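Summary of the model geometry
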Amino acid sequence: MRKILLPLLVAMAVLPGTVDADDQDRALQAVERGEILPLAKILAIVDERFGGRVIEIELDRDDGVYVYEIELVSAQGRLYEVYVNASNGRIIELEAEDEFYDDDYDDHDDYDDWD
């Protein structure tokens, strides 16, 4: 269990203020139960796929599925929200939040469904 919790705690320490306290508690409990992947693993997936700088992370439960909503700024300065299935790390959706660059990639073939 230490191996699972350590990456989550390290990621939370590295990203102060980006994870809500309630989200931290829910995430720790869900990781302990084996329901979701550690945040460090999720962030590694998002970084490998998109790069950029994470500015906010939320953990929601939608239709019984834990979903991380990760807001990030790309190297080009565009604001994106990435939705990641917290149990398997699959990218669910990518939304551009920039009013001048309004793409919505939720129907793109590269992104997986909820399951």
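1. Some details on the pairing of strand β3 (residues 79-85)
When you tally the buried positions in β3, you get 6 out of 7 residues, the bulk of the element. Relative to β3, strand β2 (residues 65-73) runs antiparallel, the two sharing 7 bridges. What sits directly across from E71, in β3, is E81. If you look at the hairpin formed by β2 and β3, you'll find 5 residues sitting between the two strands, and G77 has a positive phi there, around 85°. Where β3 lies against strand β4 (residues 91-96), 5 bridges are found, and the strand directions are antiparallel. Residue pairing for β4: E81 is matched across the bridge by E95. A loop of 5 residues connects β3 with β4, the two strands running antiparallel in sequence, and G89 in this loop sits at a positive phi of about 80°.

2. What to know about the sheet that holds β2
In spatial order, the strands read β1-β2-β3-β4; together these 4 strands make up an open sheet with antiparallel pairing. Of all the strands in the sheet, just β1 (53-62) and β4 have a single pairing partner and so form its edges. Geometrically, the sheet is characterised by an average inter-axis angle of 20° between neighbouring strands, direction not taken into account. Strand direction decides the pairing type here: β1 and β2, joined by 9 bridges, are antiparallel. Note that in β2 the partner of E58 across the bridge is E69. Sheet strands touched by helix α3 (residues 39-50): β1, β2, β3 and β4. Its angle to β2, the strand with the most contacts, is close to 50°.

3. Quick look at the nonpolar core
Counting 22 residues, the largest nonpolar core has I36, L59, Y68, I70, V82 and V84 as its most contacted members. At the level of elements, α2 (21-32), α3, β1, β2, β3 and β4 are the ones that each hand at least two residues to this core. Leaving out residues up to four positions away in the same chain, V82 has contacts with V46, F50, Y68, E69, I70, L72, I91, E93 and L94.

What counts, and where the lines are drawn
- Residues numbered from 1 in each chain as written.
- Predicted model: local features only at pLDDT ≥ 70, side-chain atom pairs only at ≥ 80, totals over all residues.
- Heavy atoms only, no water.
- Buried < 20%, exposed > 50% of the residue type's maximum accessible area, 1.4 Å probe, protein only.
- Helix = DSSP H or I, 4+ residues; strand = E, 2+ residues; numbered from the N terminus.
- Pairing = 2+ DSSP bridges.
- Axes fitted to C-alpha atoms, helices over the stretch in contact; angles between N-to-C directions.
- Contact = heavy atoms within 4.5 Å.
- Core = buried A, V, L, I, M, F, W, Y, C linked by side-chain atoms within 4.5 Å.

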